[in-house]
Amino acid sequence: MPTQINGLPAHVLLIHVVIAGVPLAALLVALHALWPAARRRLGIVTPLVALVALVFVPITVNAGDWFRDYIFDHDDPSPAWKARIERHADLAGTLLWFVLPLFLVAAALWWLGRRYDYGVVPDRRGRDEPPSDASSNGGGVRTAVRSAPRAAV
């Protein structure tokens, strides 16, 4: 795993991916779960953003561990700064246990959204019950979602 990028500590560069990616993934998961129109538009983007955040967390933590050791070996920080750096490193070790469930929820929401939006899971009406006005072709809301397979040509 990278510890330096062009002579700079990799942690200070990689942390930006984590700082932006984790809240963005959480926001996308909330939109995906609560807003059907957003679910259809976001599609696979939500679990992909969560996956990128999940992948970058351990890479960034590893680079941070290297950076902490480098600072302790070369700069000799004060005891107060050492305590702050150690606390920061301890908190970073727990972030993975928040991002992993976030990714699993994002993937489950995406998978379940695909199943319901594309008609894989049957609707809850009875077989003999006619479709309601809103879901028939006669009026109501029309969507680009296909509920029946195409006819063979």
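Residues numbered from 1 in each chain as written. Predicted model: local features only at pLDDT ≥ 70, side-chain atom pairs only at ≥ 80, totals over all residues. Heavy atoms only, no water.

Novice: I'm lost on the overall build of the chain in this one. Help?
Specialist: From N to C terminus, the chain includes 4 helices and 2 strands. Long-range contacts, defined as pairs at least 24 residues apart, comprise 68% of the intrachain contacts of the chain with a sequence gap of at least 6. In the structure as shown, the chain presents an accessible area of about 10900 Å², 63% of it carried by carbon and sulfur atoms. (Helix = DSSP H or I, 4+ residues; strand = E, 2+ residues; numbered from the N terminus. Contact = heavy atoms within 4.5 Å. Areas by Shrake-Rupley, 256 points an atom, 1.4 Å probe, with all protein chains shown as cover.)

Novice: How should I be thinking about the packing of aromatic side chains in this particular structure?
Specialist: Inspection of the entire model under this criterion finds 1 aromatic pair. Seen from their ring centres, Trp-66 and Tyr-70 are 5.3 Å apart, and the 20° between their planes marks the pair as stacked. Taken together, the positions of Trp-66 and Tyr-70, both in helix 3 (residues 45–74) and 4 residues apart, correspond to about one turn of that helix. Classification of Tyr-70 by relative accessible area gives partly exposed; the value is 34%. A cation over a ring is seen here: Lys-82 above Phe-72, with NZ or CZ 5.4 Å from the ring centre. The ring of Trp-81 carries Arg-84 above its face, with NZ or CZ at 5.0 Å from the centroid. (Phe/Tyr/Trp six-rings, centres within 6.5 Å; stacked < 30°, edge-to-face > 60°. Buried < 20%, exposed > 50% of the residue type's maximum accessible area, 1.4 Å probe, protein only. Lys NZ or Arg CZ within 6 Å of the ring centre and 35° of its normal.)

Novice: Can you walk me through the nonpolar core in this structure?
Specialist: The tendency in soluble globular proteins is for nonpolar side chains to be buried as a group. With 16 residues, the main nonpolar core has Val-22, Ala-25, Ala-50 and Val-99 as its most contacted residues. Contributions of two or more residues to this core are made by helix 1 (10–34), helix 2 (36–42), helix 3 and helix 4 (79–117). With near-sequence residues (within four places) excluded, Val-99 lies in contact with Val-22, Ala-50, Ala-53, Leu-54 and Val-57. (Core = buried A, V, L, I, M, F, W, Y, C linked by side-chain atoms within 4.5 Å.)

Novice: In this structure, what is going on with unusual backbone geometry? I would like to understand it.
Specialist: Keep in mind that most residues, glycine aside, have a negative phi and that most peptide bonds are trans. The phi dihedral of Asn-6 is positive, around 50°, even though this residue is not glycine. Locating Asn-6 in the fold gives a position in the loop between strand 1 (4–5) and strand 2 (8–9). The exposure class assigned to Asn-6 is exposed, which follows from its relative accessible area of 81%. Phi at Asp-76 takes a positive value of approximately 50°, unusual for a residue other than glycine. A residue is classified by how much of its surface remains accessible, and Asp-76, at 60% relative accessible area, is exposed.

Taken by themselves, the reported measurements are silent on function.
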